[in-house]
Amino acid sequence: MSAPDEAFWAEVPFGSGVKRVATDVNGLVALDKPEGVLSHPNGSRDEARSLIRAKYDESGEFFEWPTASGTKRLWLINRLDSATSGLILVATTDKLANEIRAQFKKKQVKKTYQALVFGKPRQKAETWTDLLEVKKQGGKIRTQAGSGRLPAQSRMSIVRAGEGNPRISLIQLEPQTGRSHQLRVQCSKRGMPIVGDQTYGNFGANRLFAKSNGSKRMFLHSMATSFEYTYAGRENAFSAKAPLPPEFLLDA
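Below: a short report on this structure. (Residues numbered from 1 in each chain as written. Predicted model: local features only at pLDDT ≥ 70, side-chain atom pairs only at ≥ 80, totals over all residues. Heavy atoms only, no water.)

## Some thoughts on the environment of R184
Point 1. The topology assignment puts R184 in helix α3 (residues 182-189).
Point 2. Spatially, the C-alpha atoms of R184 and M218 are 10.0 Å apart, while their sequence positions differ by 34 residues.
Point 3. With sequence-adjacent residues up to four places away left out, R184 is seen in contact with D81, I194, D197, T199, Y200, M218 and L220.
Point 4. Within the structure, the side chain of R184 is placed 2.8 Å from the side chain of D197, a separation counted as a polar contact. (Helix = DSSP H or I, 4+ residues; strand = E, 2+ residues; numbered from the N terminus. Contact = heavy atoms within 4.5 Å. Polar contact = N/O pair within 3.5 Å; in protein donor to acceptor, adjacent residues only side chain to side chain.)

Shown next, in the form of structure tokens:
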């Protein structure tokens, strides 16, 4: 089965600012999600600010909406926090979605993020290894470093070292594991909280930054992904990039 044609995509009710940045022959698609947009609605009240402004089936992990030619669906493969911008993958069939989800579980998917952080890393590049504890409190995920049993590992490298006061650096993060809030907690633990992080960040520094720069967003962006997968008896290579939002560049 080949990917749907452009007529299909013209009828997808994409959320505000959501862009399709890559599509392969099997119907695997990378979308660029703006900050503040939900990966999926948690109910009908959230549909207006979701990745796809449509009904979401939690058990089947798919969006569904009516069109003149019949009901259409897209299957969600991965998620991002609403405060995080960047790449999210969807598929046009259930079978394809399950195959790509399996790649995530086998840790075959390479993901690259960039983040603005307060402070400056001591090393140009290093591997971060932690044990995390992930809990659900009041319907929200909370992660803590140092007290759990979930291993978390990420590769960090400096893109642009910060100068001045406050010192703000642009770093690249490549997670080797996929724990909830992993990158945010690992940055915070090392005294370099992500700018705008309202859960694990430096709240005073966030307020001053928002006042001087006019942005209250969290500065974490899923920038690139790549992997190989087998589907319908063929080997496939998939890659996608979502450009870094201009507000990350500051005065660079």
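After that view, the rundown keeps rolling.
## Let's talk about helix α4 (residues 203-213)
Point 1. Within the sequence span of α4, burial applies to A205, N206, F209 and A210. Looking straight down α4, one finds its buried side chains confined to an arc of 135 degrees; they lie on one side. Residues R207, L208, K211 and S212 are exposed on α4 and point more than 90 degrees away from its buried face.
Point 2. Elements that come into contact with the buried residues of α4 comprise β7 (110-118) and β11 (168-175).
Point 3. Measuring from the backbone nitrogen of G204 back to the side-chain oxygen at the start of α4 gives 3.3 Å, which picks out N202 as the cap.
Point 4. Phi for G214, located one or two positions after α4, is positive at around 75 degrees. (Buried < 20%, exposed > 50% of the residue type's maximum accessible area, 1.4 Å probe, protein only. Arc of directions from axis to C-beta.)

## A short note on the pattern of salt bridges
Should the charged atoms of two oppositely charged side chains come close, the side chains can pair.
Point 1. Inspection of every chain in the model, using the stated rule, returns 12 salt bridges.
Point 2. In this structure, R101 and E61 form a salt bridge, with 3.8 Å as the shortest nitrogen-oxygen distance. With a gap of 40 residues between them, R101 in helix α2 (residues 94-105) and E61 in the loop between β3 (55-57) and β4 (62-67) connect regions that are remote in the sequence.
Point 3. Judged by its relative accessible area of 21%, E61 falls in the partly exposed class.
Point 4. Between D81 and R184 there is a salt bridge, with its nearest N and O atoms 2.9 Å apart. You can see D81 sitting in the loop between β5 (70-76) and β6 (85-91) and its partner R184 sitting in helix α3, a full 103 residues away along the chain.
Point 5. On the basis of relative accessibility, which here comes to 27%, the residue D81 falls in the partly exposed class.
Point 6. A single network of salt bridges, built from pairs that share partners, joins E61, R79 and R101. (Salt bridge = Lys/Arg side-chain N within 4 Å of Asp/Glu carboxyl O.)

## With respect to the pairing of β7
Side chains on a regular strand alternate between the two faces of the sheet.
Point 1. Counting buried residues in β7 gives 8 out of 9 residues, a clear majority hidden from the surface.
Point 2. With 6 bridges joining them, β7 and strand β12 (residues 220-231) adopt antiparallel strand pairing. Note on β12: the bridge partner recorded for K110 is S226.
Point 3. Across 6 bridges, the pairing between β7 and β11 is antiparallel. Paired with V117 across the strands is S169, a residue of β11. (Pairing = 2+ DSSP bridges.)

## Looking at the side chain of N78
Point 1. Assignment of secondary structure puts N78 in the loop between β5 and β6.
Point 2. Residue N78 is classed as buried on the basis of its relative accessible area, which comes to 12%.
Point 3. Here L89 takes part through its backbone nitrogen, which lies 2.7 Å from a polar atom of the side chain of N78.

## Brief notes about the side chain of E174
Point 1. As for its placement among the helices and strands, E174 is situated in strand β11.
Point 2. A distance of 3.4 Å separates the side chain of E174 from the side chain of Q172, its partner in a polar contact.
Point 3. Look past the residues within four positions of E174 in its chain and what remains in contact with it is K110, K111, T112, S154 and R155.

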